[in-house]
Structures are given as structure tokens and as C-alpha cells.
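Close look at the chain arrangement
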Amino acid sequence: MTGFLRNSDAFTWAMESDPRLRSTVVSVVLLDRSPDWDEVRERFDLISRKLPMFRQRVVPSPPPAPPRWEYAPDFDLDYHVRRAVAPGAGTLDDVLEMARLAEMQDFDRARALWETTLVDGLENGGAAMICKFHHALTDGIGGVQIAMNLFNLSEELYRREPLPPEPEVSRSSWLGGYRDTWRYDTGLLADALAGAVRAAPRLVYGGVRRPVATVRSAAATAASVYRTVRPISRTGSPLVTDRGLIRRLMVHQVPMPQLREAAHRCGGALNDAFVSGVAGGLRRYHEKHDVAIGDLHLSMPISLRTKADGVGGNRITLMRFDVPAGEADPAARIKAIHQRAGAARDEKSVPYTQRIAGLLNLMPRWYIGSVLRHVDFVASDVPGVPVPVFLGGAPVCARNTRSARPSARRST
């Protein structure tokens, strides 16, 4: 099974012509003890047989079609699933340093776009697993779905059914690529014509019965699309102005009940309090350097996943909006972020995410980069696994999955 990348994933892929915009996702799973290695390896083998993209690579297509997935002819599970011993004293900082280096390293584009490393030798007999995925492979919620195929609900190791057969790998030809592209372009044209035919009676009817309202609706949709794709010429921060390649990973723990209570008291949701906390931290950073700030540009993924969608894959759209980082009152900041995030989720452009991404993919690469290059920071809020789980018989330490990172570094 092969197929073209969704337009939004192709946009993510094209964006990486600028290495500063790589979409590498790295997560760290902490374990109370070292798991059964054979069980861990077999679990990833099972996932790679059930989810095709775990054995596929991305290859270019003749333009204007997007890149496509095809099975990697030399798939080697032991390349993707590895073991290592923690350096130093085996602290969390030592593991984060390993994850930091993994995040800065690009993928081998001739192979499937994921790697995982089991790290033994942590302090107090613990272990960790560093999982590295390309964002074209899955979004955050899809990653949680994949994790549920990896983890057990008990520390007992049960004998399972035999693994499914490995997928057949057929080498593609250049002629096959052109044939698939022709089919893609033909299907795209047919869908566009069918959509126009379906929409025409509604537009004519609306134009005759409610001409003013129809024009206003069309104008509102066009304005929403413009807000989605317009390039940002400068960062909101006068201090953090130039994106770099160096990454740093740190953990700051906040009790979930307290964060949720703060959100509800201020008329917001949990995500609003999370973003507000990050924005408040950035305000303090600027104050430390005697630099005043107002609004900062935020990029935040919004899930479009439905119950009908399969496991894994990407079902998100990236929305950009400004957050009042200069607001010192946390309650006022949460309330304002709640209003602005709600407006972003209700944008009329959201249902057209894939079509917009398809149009952006036809634009020059410098324009694609300009859409996100001057975003001040990215914040991602993903719910963790809601129940206690085990990996290879080892309990997984409870952690919440919420991350944020600045998209730039201080100019020197």
C-alpha cells in the first residue's frame, strides 16, 4: 500500500528545505525499571506491520503532485529500534541531552522516518525510551494512539498470536511515478469540477435570494484564508529575532489539578492556562533583558481528527494567532488567550485546510518558509495516556504531554 502525502503533510515536508524548520518530534518515556528487550522489539515489529508508514519512506513525485509514500526496500527493524546505556550518572538531564542530540539530527530519507532508543542504566534502576518521529508520520494524538499499541495495561507478559506477515515490497519505476501522478492530477481535477457543480446551484440561489449576505460570507472566507497563509515579516519579539539550529530540552512540571483550576477560575480551558504560562515565562525572560514586549506570534496545532480516522497519521491544521505575552496579570492573560484561541478554531478557513496546503505547495519554497519563519514560539498540547500502562513489563512513569518551544534564538 502506497499513496501520496496529504497536502498538509507535503507542506510540512517542503518546509524542510530550510533545515531550521524541520518537523522532528522527540518524546521521552520514563520507566521504573528496564523492560524486557525482546518484548519491546516485538511490539515495534508489530506496529511496523500494522501501520504501513512505519516501513515506508517519502519519495518525490513528478510535479505538481505531492511526494508519495513507498515501502523502503531495505527496511531493517534493528536500525530503527536500538539500545544504549545512559551517560554520566543516568539522570533525567543525561537522557534529555541524548534526546536533544537526536532532535537536531535529520532523518535518513532513504529509510522510514522514525527511530527509538531504549536507554538503560538510569539512576535508581530506571530506564527510558527516546522516540523520534517525523511529523509527516503522525500528529500528537495519533502518537498516543500508536502508544496504546505499544503499551500493555498489565506488567504480565502474555504469549500473543503470531506476527502478521511482512508487507510485500515492490520497487517502483519512473514510469509508474508518472502514471500515478497523472491519475492524481486527473482525480484532483475531477474533484474540483464535481465540487464546483455541487456548489453552483447553492451559490446561484444564495446570490439571488440573499446577495448581500452571500457576498459578505465569501469575503469573510477569503479574509480568513488570507490570515491563514499570509507571511509574517518580523517576529513580535524585538529580542528573539533569528531562528537557529541549536535546541535545548528541559522539563518543568506543573500539577495538573492546579493548572486546570487556574484555567476554570479565569474562564478558560486547560490549554489556555498552559499557553498563558508559556507566554508569562517569555515575558519574564524579556524583562530579565530589560526588553518590553506586547503580543507574540504563536503557532499551535488544532486537531481535526474524527472517530472515522485511522490510527496514526496527521489530522491537524496549524493556526497562527497573537497572544498577549506582555500582560502581567495571569487571569487577564488566560481570558484573552481563551478568546483568541476560540476565534482561531472558528476561522472559516479551517474546513479548507487541505486545499490551502495544496495551493501553498505550489508556491516557491521561500514563501512556504516565510509563513512560519518569524513565529515567536510553538505550543503543543497533547493529552497523555489516561490510564497506568507498562512497556515490556516495566511501569511507565506518569507524565503529562505538553510542550512548547521558541521558534527563534537571541540575535547576536
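Note: the structure precedes this text.
Thresholds, definitions, all that
Residues numbered from 1 in each chain as written. Predicted model: local features only at pLDDT ≥ 70, side-chain atom pairs only at ≥ 80, totals over all residues. Heavy atoms only, no water. Buried < 20%, exposed > 50% of the residue type's maximum accessible area, 1.4 Å probe, protein only. Helix = DSSP H or I, 4+ residues; strand = E, 2+ residues; numbered from the N terminus. Pairing = 2+ DSSP bridges. Arc of directions from axis to C-beta. Axes fitted to C-alpha atoms, helices over the stretch in contact; angles between N-to-C directions. Salt bridge = Lys/Arg side-chain N within 4 Å of Asp/Glu carboxyl O.

**Things to note about the pairing of strand 4 (residues 68–71)**
Side-chain alternation along strand 4 places R68 and E70 on one buried face and W69 and Y71 on a second face that is also buried. Sheet topology places strand 1 (residues 3–4) next to strand 4; 2 bridges connect them, and they run antiparallel. When the bridges of strand 4 are listed, F4 appears paired with R68. When strand 3 (residues 56–59) meets strand 4, the two strands line up antiparallel, connected through 4 bridges. For V58, the partnering residue across the bridge sits in strand 4 and is W69.

**What about helix 8 (residues 256–265)?**
Listed in full, the buried residues belonging to helix 8 are M256, L259 and A263. For helix 8, the angular spread of the buried residues around the axis is 70 degrees, confining them to a single face. Exposed residues on helix 8 whose side chains face more than 90 degrees from its buried face are P257, Q258, H264 and R265. Backbone geometry just after helix 8 places G267 at a positive phi near 75 degrees.

**Concerning the sheet that holds strand 2 (residues 24–31)**
With respect to topology, 4 strands assemble into an open sheet ordered 2-7-6-5, the strand pairing being mixed. Here the strands that pair on one side only, and so sit at the sheet edges, are strand 2 and strand 5 (81–85). Averaged over neighbouring strand pairs, the angle between their axes works out to 20 degrees when direction is ignored. The pairing of strand 6 (residues 114–120) with strand 7 (residues 127–134) spans 6 bridges and is antiparallel. Of the residues in strand 7, the one forming a bridge with T116 is C131.

**Looking at the pattern of salt bridges**
One pass over the full model with this rule turns up 19 salt bridges. One salt bridge connects D120 with R83, and the closest N-O pair in it is separated by 2.8 Å. With a gap of 37 residues between them, D120 in strand 6 and R83 in strand 5 connect regions that are remote in the sequence. The partner of E261 in a salt bridge is R265, and the shortest N-O contact between them spans 2.8 Å. Linking E261 with R265, this pair stays in helix 8, spanning 4 residues, or about one helical turn. Three or more residues joined by partner-sharing salt bridges are found here, namely E16, R22, D106 and R109.

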